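Chain and residue survey
Letter by letter, the chains look like this.
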Amino acid sequence: MSITYLEAIREAQARALRDDPRVFIYGQDVGEFGGAFKATKNLAREYPGRVLDAPISEDAIVGLAVGAAIEGMRPIIEMQFADFSTVGFNQIVNQAATLFWRTQVPCPITVRLPFGGTSGSGPFHSQSLEAIYAHYPGVVVLTPATVEDAYSLLLAAVAIDDPVIFCEHKLLYYHLKAEKLPTEALPIGKARIHREGRDLTIVTYSAMVHEAAAAATELATEGWEIEVVDLRSVKPLDTDTVVASVARTGRLLCVGEAWPWGGVTAEVIARVTAEGYGLLDAPPQRLNAKDTPVPYHPNLWAAHRPTARSIAAAARNLLRT
Amino acid sequence: MLPTVSEPPAGEVGALREAHLGAFRFMLRARLLDDKFAALYRAGKIHGGVFLGRGQEALSVAVGISLVKTDVFAPLIRDGAGRLAFGEPMLDAIRTYLGSALGSMRGRDGNVHRGRPHAGLLPMISHLGAMISVVNGMLLARQLKGISGTVGAACIGEGATSTGSFHEALNQAAVEKLPLVLVVANNQYAYSTPNARQFACADLADRAAGYGVAAHSVDGTDLTDCLATVGAAVAGARAGGGPQLVVANLLRLCGHGEHDDASYVASALKKSGLGRDCLKIAEDILLREQWADAAEIAVWRSAALREIEDHVAQVQREPAPDPFAEAWTALSSQHLSEGQVQ
């Protein structure tokens, strides 16, 4: 018996619906159809009246969630693709994210963003938007890399009293598997050492954790021991765990699938440079997607985003300096 | 529409009289409070903008007075009268404009951006049309919780009907058959943009059919018409009739804000029926119907002025927000604020 990353997300939502009558799910095609990726499969049948199809209106979908949250509900919103959340951007960053600060009334909404590139998906079904949302005060941004975290962080997201942007990577949906669902988990805001090493730290999150781990395996054959830190949550960002890792290795490579400008990798490097400059044996480096829209063709897409191969190459360069 | 024409029974006349008297006093207090804010603004006592409801009090008060305390109200920038009628304490307005730390927004937000969400009064964000779907969410949540008979009203201007948020939210309310009353104050200008540059349909009320919702048109200068029409729309929503679109025609009798001299407003419009002052018309109704006399109205006016002066004097003695006492975190879960994670 094994469970996929996608099934874990479905199971977390089922449990949230089961355990908390305040929870409901709202999004396009989430009802009887079970969602574009089947993340809400059978939930409308199991929880009648609590898994609701929405019109194609991302702005109104998020606005409705905020109103329901004011009334004490805990809505889970499914954006069909992270890319479309930009249509609801205003309600997320200006309505949901400011509500508590302005009024002291909490806004417990969870916005699920199926994000990241998959082969053939092109510019508008591949985006990674965690940095955009993390830029705004008043939101928590989660980026699970494992089946266990997909489950436990989603439950944690629904449980907290603040808006959560839950970035679930589409590439992990079907292929990433675990034996069973976790019974305990690290809290939101704690990073995790995915793989231990002493020569270089790779800080990353979501699907890139697995690319980085593959790069580390490749580099191990060359005698290098690479530490991989999985941020789990990009906001709040666990600076302590990152700096502690850099203290062990002296070298930092940050990897993100998102675009480079002002992103999570830049933030990590800024923090390590400010707080742990003396720990660094070489200038910190980062590897991101190229600064273009995400290309459609597999040949272009594979070159656009970081891969195990390009991460290993960047790590080798850094190990030589 | 005028009550005197059809000679309603005595009980209804009494109710009509009470509604007009109550509404007029809210309108008067709102107008005088606006005048005070304008004076404080000119004296440099207010940080940021001041936005008045002059010319829109009849419509606004009709919304506030038609709702009950357990309803939801999302006012916009010209709804001082409706806020008072819905039950917003006058102190909330003064404290927010003057930035008192004791106000509901505690200096974190100002002027018209005030409210008490748990009292059903939503604090608007500046992005027009964005509050409508929030009202929808509160109404849907109540349906999910099995609470019935509640109504939500959202006020917007004709300019906001051009936004995607307006379209998405009105369609959403129609799909869910929510008891939403969407009140459009067509005051002829969105800041400086005249209607001819804002929309091309003959009447904004015609749009209701396209959404599958009920339409109501009202003369926004006439308190009697506003009370009857908005009241009917609220009753229709409460009775299960689904969303109601109310379009009121009127003219903004001031600038967009007090920084704006409104020199772009066409003089022909000012001289037209739209340019009538709804407060003066309401006063004329009271006098004509002999529901009040000039002496009574003068007493109400002086009582309102005293109330305003007393509140302003009180708030001016209240503490301003202290940056050193500020938590500087936007999250309710303070342990998850950046720099706080242990």
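Residues numbered from 1 in each chain as written. Chains lettered and ligands numbered in written order. Predicted model: local features only at pLDDT ≥ 70, side-chain atom pairs only at ≥ 80, totals over all residues. Heavy atoms only, no water.

Here we look at the side chain of Glu57(B)
All names here are of chain B.
- Considering the arrangement of structural elements, one finds Glu57 in helix H3 (residues 57–66).
- On the basis of relative accessibility, which here comes to 2%, the residue Glu57 falls in the buried class.
- A distance of 2.8 Å separates a polar side-chain atom of Glu57 from the backbone nitrogen of Gly55.
- When neighbours within four sequence positions are excluded, Glu57 is seen to be in contact with Met27, Arg31, Ala81 and Cys278. (Helix = DSSP H or I, 4+ residues; strand = E, 2+ residues; numbered from the N terminus. Buried < 20%, exposed > 50% of the residue type's maximum accessible area, 1.4 Å probe, protein only. Polar contact = N/O pair within 3.5 Å; in protein donor to acceptor, adjacent residues only side chain to side chain. Contact = heavy atoms within 4.5 Å.)

What about helix H2 (residues 10–42) of chain B?
- In a regular helix each residue adds 1.5 Å, so 33 residues correspond to 48 Å; H2(B) covers 48 Å between its end C-alpha atoms and thus fits that length.
- A positive backbone phi angle near 75° is found at Gly44(B), which sits one or two residues after H2(B). (Expected span 1.5 Å × (residues − 1).)

Remarks on the packing of aromatic side chains
Residue and element names in this part refer to chain A.
- In the structure shown here, the tally under the stated rule is twelve aromatic pairs over all chains.
- Plain terms: the ring middles of Phe81 and Phe84 are 5.7 Å apart, the flat faces sit at 70° to each other, and that makes the pair edge-to-face.
- What makes Phe81 buried here is its relative accessible area of 13%.
- With relative accessibility at 24%, the residue Phe84 sits in the partly exposed group.
- Here the aromatic cluster, defined as three or more aromatic residues joined through ring pairs, consists of Tyr5, Phe37, Phe81, Phe84, Tyr173 and Tyr174. (Phe/Tyr/Trp six-rings, centres within 6.5 Å; stacked < 30°, edge-to-face > 60°.)

Quick word on the pairing of strand E13 (residues 252–255) of chain A
Residues and elements named next belong to chain A.
- Both faces of E13 are covered, namely the face carrying Leu252 and Cys254 and the face carrying Leu253 and Val255.
- Note: strand E10 (residues 200–204) against E13, three bridges, orientation parallel. Bridged to Val203 within E13 is Cys254.
- Sheet topology places E13 next to strand E14 (residues 285–287); three bridges connect them, and they run parallel. Bridge pairing links Leu253 to Gln285 in E14.
- The parallel pair E13 and E14, bridged by helix H9 (residues 264–276), forms a crossover whose chirality is right-handed. (Pairing = 2+ DSSP bridges. Right-handed = clockwise from strand over helix to strand, strands pointing away.)

A word on the interface of chain A and chain B
- Counting residues at the interface gives 45 residues for chain A, matched by 41 residues for chain B.
- Across the chain A/chain B interface, buried area totals approximately 3,700 Å², and carbon plus sulfur atoms make up 59% of it.
- Of all residues in chain A, the largest losses of buried area upon contact with chain B belong to Glu71(A), Trp101(A) and Arg102(A), amounting jointly to 22% of the total for that side.
- Applying the counting rule to chain A against chain B returns four salt bridges.
- The salt bridge partner of Lys145(B) is Glu71(A), with a shortest N-O separation of 3.6 Å.
- At the junction of chain A and chain B, the tally comes to 24 residue pairs in polar contact (both at pLDDT 80 or more).
- For the side of chain A that touches chain B, the secondary structure elements donating two or more residues are strand E2 (23–27), strand E3 (51–53), helix H3 (58–70) and helix H4 (89–103) of chain A.
- A per-element tally of the side of chain A that touches chain B places H3(A) first, with ten residues.
- Residues of the side of chain A that touches chain B, tallied by class, amount to 23 nonpolar, twelve polar and ten charged. (Buried area = accessible area lost by both parts, 1.4 Å probe. Salt bridge = Lys/Arg side-chain N within 4 Å of Asp/Glu carboxyl O. Nonpolar A, V, L, I, M, F, W, Y, C, P; charged D, E, K, R; others polar.)

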